[in-house]
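# Structural characterization, general
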Amino acid sequence: MQFLTSKRLENFKMAVGIKFQLYNSLFTSLPFHRIEKTGILLSLFLTHCEEGFKKRSSPVQIVEQFFEKYTFLKDEQERMDLLFRFVQYAERQVVLFDAVEDAAFEEVNDLSGAGTLKQLETKVKQEGREQALLDKLNSFAVTLVLTAHPTQFYPGAVLGIINDLSGALAGNDAVLINSYLQQLGKTPLFKKQKPTPYDEAISLIWYLENIFYHAIGNTVLELKTEFPEIDLDKNPVIQMGFWPGGDRDGNPNVTADITQKVAEALHASIVRCYYFEVRRLKRRLTFKGVDGILADLETKLYQHTFSETASVTALTKNEILQPLLEVRKILIYEHNALFLPLLESLIYKIHVFGVHFASLDIRQESSIHKNVLDAISEAEPRMAGYESLPEEEKIGRLSRIDFSVDPGRFEGLIKDTLLSVDCVRQIQKLSGEKGCHRYIISQCGSALNVLEVYALFLLRGWKKEEVNIDIVPLFETVEDLKNAEQVMKALYENEMYAAHLKHRGSKQVVMVGFSDGTKDGGYLMANWSIFKAKEELTNISRQYNINIVFFDGRGGPPARGGGKTHRFYASMGKNISTDEIQLTIQGQTVSSNFGNISSAQYNIEQLLNAGITNELFAENIKTLNPMQQEAVQQLAESSYEAYKSLKEHPDFMDYLTEVSPLKYYSETNISSRPAKRGASRRLSLSDLRAIPFVG
């Protein structure tokens, strides 16, 4: 293992480190004022800072001494100008390094090694587990849910440059590399205005179109090639989810109009991808009986996406798929299956992405739903007195709802919450049920919180047998995680909700939040509480014959509950349901793990391998014995007490406000949402978002 690590590190130094140093020299030609001196002085500044830090000099002393020792600058404005040029230069060095690292991914990583699809295929065939794999893939899927987080700060134009620069670096095209660096020098990396939720959505749709569309397509094609019996129509194996434009929790800028607009953008984006691929197919499939079908499909896709007279109307998955299946039949029987893999690649993508591309999730905090129902109670005689009822009687009242309310009777957030329920129906009409089929409840602490959301659909005219929505409780705090088993038991025993679950195929998705869990309980207690909650929820769900699926709100770095994701899933053990892997891909994790097609495909394969191996080779899986569980429990409790004593210290919040960069987060233009929930001036830990807290 040590040898492999050393070899991989050596490969990294050769393919990334040396190459970066080589092309870093091109920065002296960037179109900036006095760029050559900036580069030299920046190197001196780095060395000076390291020496000053060792001497325990203050930041102010370090900067002042640098100007006195290495420059003749006395004017404050001139000094600030140089520091600005340092930032400008270093920013673009980071972009270059990202591009070099992306370009070298295949050299640094073993794309056929441990955790990859090829390794899984080899092991399955060696041990004769092909049928077991097919059985597993009837229901198992990996769902990657892209979320908008401010740590993904590159503007769309810069993402494009990184992508093109990586291609040029892979081909060692010095002329193109220099041109792209010149372009980078002229392209601003900062945003003059805060992005809107729609801006964030468009930024992530770039990844869907340019990375995930191809990476997932390649992965599914390889799976189908090795195991053609896999039925992608019943289970696409890999799916995408999407939060920008649907995540309302603490973001007043997300409205029903934004949600609808983002869903339309996702729909248009995937149809556009199909259109361009059909055009490429036409260049190869020029045969009799085939060319006319493809020409008609190309016209239909063009009119739907690009025509000036086109309106946003429904275009079903089958309308695109059926002509291609007809072409497939003609190719096989009349043209010797020529170029069949090219056609099948597109067919498999349509099975995965449909006409929705990624499922848009709705998320809102539980107290908002309570406020909505309280407002309806005051305005609607048939709900009179609801707000003052005890919890059990509220549940009974919600189960008897047989009327609808008009959102126009209300204002502000109450109205928009009701309209967001209407959005679900509109999106499903446009993009199919997969376009939007989940409603996630943040800060969920009771069965009532779940039934309140179900009631909102009834109050907007949905019939019980037509509520095509998975209602997903999100358990985050240590206390909520402890109570999660009792909450779900109460829901499973509720007649109305049990009928809803049966309508949804007896499947319950439960989300656990690592970021806010870590904020509430500290790293060890949060992760241990999630592990225990998953064991308890798996057990209670099996008792009620419910297939439970866990959706993990994992951050990127360990401080937000993250870490090596595939190892996390491979370690779940047999007492935790792993029928599916669902997780959020957040912030910098999007660009670092899924920044190009090769790295995205590699990391997707790692997740697939981890989830499938967990069941297929269960004899290799170890679970914690009682003594080990007790040891971890004691460690978690001890760490939790230490963490609680810190966060409950009377001066802690003031310290956090003054010493940390919280004010900076609020002033930057990197996110559409506020740095904290709520409008109160005084900071509270419950209002503080996870990223500023970690910062």
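A brief structural summary. (Residues numbered from 1 in each chain as written. Predicted model: local features only at pLDDT ≥ 70, side-chain atom pairs only at ≥ 80, totals over all residues. Heavy atoms only, no water.)

## Quick look at the overall build of the protein chain
Convention followed: A run of H or I in DSSP counts as a helix once it spans at least four residues, and a run of E counts as a strand once it spans at least two, with each numbered from the N terminus. The classification of residues rests on relative accessible area computed with a 1.4 Å probe and restricted to protein chains. Under 20% of the type maximum is buried, over 50% is exposed, and intermediate values are partly exposed. Contacts were defined at the residue level, with two residues in contact if any of their heavy atoms lie within 4.5 Å. Accessible surface area values rest on a Shrake-Rupley calculation with a 1.4 Å probe, where residue burial reflects the displayed protein chains alone.
A count of helices and strands for the protein chain gives 29 helices and 9 strands. Classification of the 695 residues of the protein chain by burial places 54% in the buried group. Pairs at least 24 residues apart make up 79% of the contacts formed inside the protein chain by residues separated by at least 6 positions. In the form shown here, the protein chain has an accessible surface area of approximately 32,200 Å², with 53% of it arising from carbon and sulfur atoms.

## Some words on a nonpolar patch on the surface
For the record, the criterion: Any residue with relative accessible area above 30% and no salt bridge may belong to a patch, with like charges joined within 9 Å and the nonpolar Val, Leu, Ile, Met, Phe, Trp and Tyr side chains within 5 Å. In what follows, salt bridge is the name for a side-chain nitrogen of Lys or Arg lying within 4 Å of a carboxyl oxygen of Asp or Glu.
Together, I40, L44 and Y70 line one region of the surface with nonpolar side chains, adding up to about 250 Å² of accessible area. Residue classification places I40 among the exposed residues on the basis of a relative accessible area of 55%.

## Considerations on the side chain of E365
This is how it is decided: Here a polar contact is recorded for every N or O atom pair within 3.5 Å, except that within protein the pair must consist of a potential hydrogen donor and a potential acceptor, and residues adjacent in sequence are included only if both atoms are side-chain atoms.
With respect to the element layout, E365 can be found in strand β4 (residues 362–365). Here the side chain of E365 touches S367 through a polar contact of 2.3 Å, side chain to side chain. Once residues within four sequence positions are removed from consideration, E365 is found in contact with D249, S442 and Q443.

## Considerations on the side chain of Q601
Turning to its location among the elements, Q601 is positioned in helix α25 (residues 597–616). Since its relative accessible area comes to 16%, Q601 is described here as buried. Every residue in contact with Q601, bar those within four places of it in the chain, is listed here: A215, N218, T219 and E222.

## As for the nonpolar core
Heads up, the rule is: Here, nonpolar core refers to any group of buried Ala, Val, Leu, Ile, Met, Phe, Trp, Tyr and Cys residues whose side-chain atoms link them within 4.5 Å.
Counting 153 residues, the largest nonpolar core has L144, L208, F212, F242 and L608 as its most contacted members. When residues no more than four places from it in sequence are discounted, the contact partners of F212 are L144, L146, Y207, G217, M240, F353, F594 and I604.

## A word on the pairing of strand β8 (residues 547–553)
Here is the rule: For two strands to be treated as a pair, DSSP must find at least two bridges joining them.
In terms of burial, β8 is a largely internal element, 6 of the 7 residues being buried. As defined by bridge partners, strand β7 (residues 507–513) adjoins β8 across 7 bridges and the pair is classed as parallel. Across the sheet, residue Q508 finds its bridge partner in β8, namely I548. In this sheet, strand β9 (residues 580–586) lies alongside β8 in parallel orientation, the contact comprising 2 bridges. What sits directly across from F551, in β9, is Q582.

## With respect to the sheet that holds strand β2 (residues 238–242)
Sheet architecture is open: 9 strands sit in the order β3-β2-β1-β9-β8-β7-β6-β5-β4, paired in parallel fashion. This sheet does not close on itself; its edge strands, each paired only once, are β3 (359–360) and β4. As paired strands, strand β6 (residues 470–475) and β7 are joined by 2 bridges and run parallel to one another. Residue L474 lies in a different strand from β7, and its bridge partner there is M511.

## Some details on the pattern of salt bridges
Oppositely charged side chains are able to pair whenever their charged atoms sit close together. Within the structure shown, the criterion is met by 29 salt bridges. Among the ionic contacts, a cluster of salt bridges with common partners joins E64, E68, K74 and R79.

## A closer look at the packing of helix α18 (residues 447–459) against helix α20 (residues 495–503)
Just so we agree on the cut-off: Axis geometry follows a simple rule: fit a line to the C-alpha atoms, using only the stretch in contact for helices, then measure angles between N-to-C directions, giving values from 0 to 180 degrees. In this scheme, roughly parallel covers angles under 35 degrees and roughly antiparallel covers those over 145, while 65 to 115 is roughly perpendicular and the rest are oblique. Any residue outside Ala, Val, Leu, Ile, Met, Phe, Trp, Tyr, Cys, Pro, Asp, Glu, Lys and Arg is labelled polar, Gly included; the first ten of those are nonpolar and the last four are charged.
Interaxial distance between α18 and α20 falls to 11 Å at its minimum, and their mutual angle equals 70°. Viewed along their axes, α18 and α20 adopt a mutual orientation that is roughly perpendicular. Of the residues in α20, those in contact with V450, L451, Y454 and L458 of α18 are M496, Y497 and H500. For the contact of α18 with α20, a count of residues per class yields 6 nonpolar, 1 polar and no charged.

Interpretation in functional terms is not warranted from these geometric data alone.
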